[in-house]
Amino acid sequence: MNTQSKPTKLTRRSALAHLAGGSAAGAFLGTWPVQAGNSDPHAKPVRFGVITDVHKDIMHDADHRLEVFIRKMTAEQVDFVIQLGDFCVPKESNQGFLDIWNTFPGARYHVLGNHDTDGGYRREDTVDWWRMTSRYYSFDLRGVHFVVLDGNDRPADHQSGYPRYVAEDQLQWLRADLAKSQSPTFVFIHQSVERPDQGGVQNGAAVREILDQANASAETRKVVACFSGHHHRDYLRRINGILYPQINSASYHWVGTDFQHPSYPPSVHQRFPYIQYTVPYRDPLFGLVTINPGEGVVAIEGRQSSFVGPAPWEVGKDRTHWDAETLTASISDWRMAL
């Protein structure tokens, strides 16, 4: 039976309790059966930096936030960096922002977000400008398989707004790609596939079914996790044994007309008027993920910050309305181990 756990924010103190069902301090522990071919105890872990929803075209200090991320990941000597969408549109004035990204000395991967085609740009324009190989693709590194999906396909019945869909040709490609690999697999997509009624992929259930089928047909669990951005929240969900981490925005939470607040000096708001509809984070948020196939461990090191100005529930509707447990200026640490 397909069951879904309640959205959960994992903190350093409470993470263990979410699976254990009790109250204990420590790391998030679960099970990850590793393919026998990838069980070398001496295998070097795969480490990567993940950032999402920087929103160069909204935030006044997007360049600084990206610089902090790139400096940190360069110093950590991670294997690659990946951004999960809502990065920047492909216009000349954003070239400096993209140049910061390209200073990372290792591999760099992109995921298309819904706002990366604002201003009338096509997905193909953004793909070319970012120098992506394709809208969706996969790659391998030291016995780990990675899959990048595009959740911005347009369904046949689409009428208005940003499309949130994975078309049949992409679904067929995903089935074939997963069938070809026997390695532990991690999926990346901008919009979540586990919350279709809350702004996620409209046919997210179809994507999850393919991930579940890949696990059912393998001797041990193949698909370990599906990372997403888009929702600007901090939580981890688990459905049928697959982790669905929501990576918080590097910059802010969008609250729209329910919350208008001058978080920065008037000169900033005059140049960047959409910031008044956000709850900005004082510091840039991002994560450092470590995957150790030999030990069967995956973990993320997040970052803690604070809001610039008041939280939404301090000036209006209550914490329940805002789901305050996930609307937080942080990316929580968590860990999964055998």
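Coordinates for the structure precede this section.
Residues numbered from 1 in each chain as written. Predicted model: local features only at pLDDT ≥ 70, side-chain atom pairs only at ≥ 80, totals over all residues. Heavy atoms only, no water.

> In this structure, what is going on with the sheet that holds strand E4 (residues 137-141)? I would like to understand it.
Within a sheet, neighbouring strands are paired by backbone hydrogen bonds and run either parallel or antiparallel to one another. Reading across from one edge, E4-E5-E6-E7-E9-E8 is the order of the 6 strands in this open sheet, with mixed pairing throughout. Of all strands in the sheet, those bounded by a partner on one side alone are E4 and strand E8 (235-239). The sheet shows a mean angle of 20° between the axes of neighbouring strands, taken without regard to direction. Inspection of the sheet shows E4 paired to strand E5 (residues 144-148) by 5 bridges, in the antiparallel sense. Note that in E5 the partner of Ser138 across the bridge is Val147. Taken strand by strand, helix H5 (residues 168-180) contacts E4, E5, strand E6 (185-189) and strand E7 (223-228), and its axis lies near 175° from that of E5. Strands E6, E7, E8 and strand E9 (242-246) of the sheet are contacted by helix H6 (residues 204-216), whose axis makes an angle of about 140° with E9. (Pairing = 2+ DSSP bridges. Helix = DSSP H or I, 4+ residues; strand = E, 2+ residues; numbered from the N terminus. Axes fitted to C-alpha atoms, helices over the stretch in contact; angles between N-to-C directions. Contact = heavy atoms within 4.5 Å.)

> Just to check I follow, could you spell out the nonpolar core for this structure?
Across soluble globular proteins, nonpolar side chains show a tendency to be buried alongside one another. Of all hydrophobic cores here, the largest spans 73 residues; its most connected members are Ile82 and Phe146. Counting residues in each nonpolar core, the second largest holds 19 residues, with Val166, Leu178, Val223 and Ile239 among its members. (Core = buried A, V, L, I, M, F, W, Y, C linked by side-chain atoms within 4.5 Å. Buried < 20%, exposed > 50% of the residue type's maximum accessible area, 1.4 Å probe, protein only.)

> Teacher, can you tell me more about the pattern of salt bridges here?
Side chains bearing opposite charge may pair, as long as their charged atoms lie close to each other. As enumerated under the stated definition, the model contains 13 salt bridges in all. The residue Glu76 makes a salt bridge to Lys72 at a minimum N-O spacing of 2.9 Å. Residue Glu76 and its partner Lys72 are both found in helix H2 (residues 62-76); the two are separated by 4 residues, about one turn of the helix. In this structure Lys72 comes out as partly exposed when scored by relative accessible area, which is 30%. Asp125 is the salt-bridge partner of Arg122, the closest N and O atoms lying 3.0 Å from each other. The structure contains a network of salt bridges with shared partners spanning Arg123, Arg135, Asp150 and Asp153. (Salt bridge = Lys/Arg side-chain N within 4 Å of Asp/Glu carboxyl O.)

> So what exactly am I meant to see when it comes to H2 here?
Along an α-helix, residues three or four apart share an orientation, since each turn contains 3.6 residues. Here H2 spans 21 Å end to end across 15 residues, near enough to the 21 Å set by a 1.5 Å rise per residue. Within H2, the full set of buried residues consists of Ala62, Arg65, Leu66, Val68, Phe69, Ile70 and Met73. Considering only its buried residues, H2 is in contact with strand E1 (46-51), strand E2 (80-83), helix H3 (95-101), strand E12 (287-292) and strand E14 (303-304). (Expected span 1.5 Å × (residues − 1).)

Coordinates in, geometry out; function isn't part of it.
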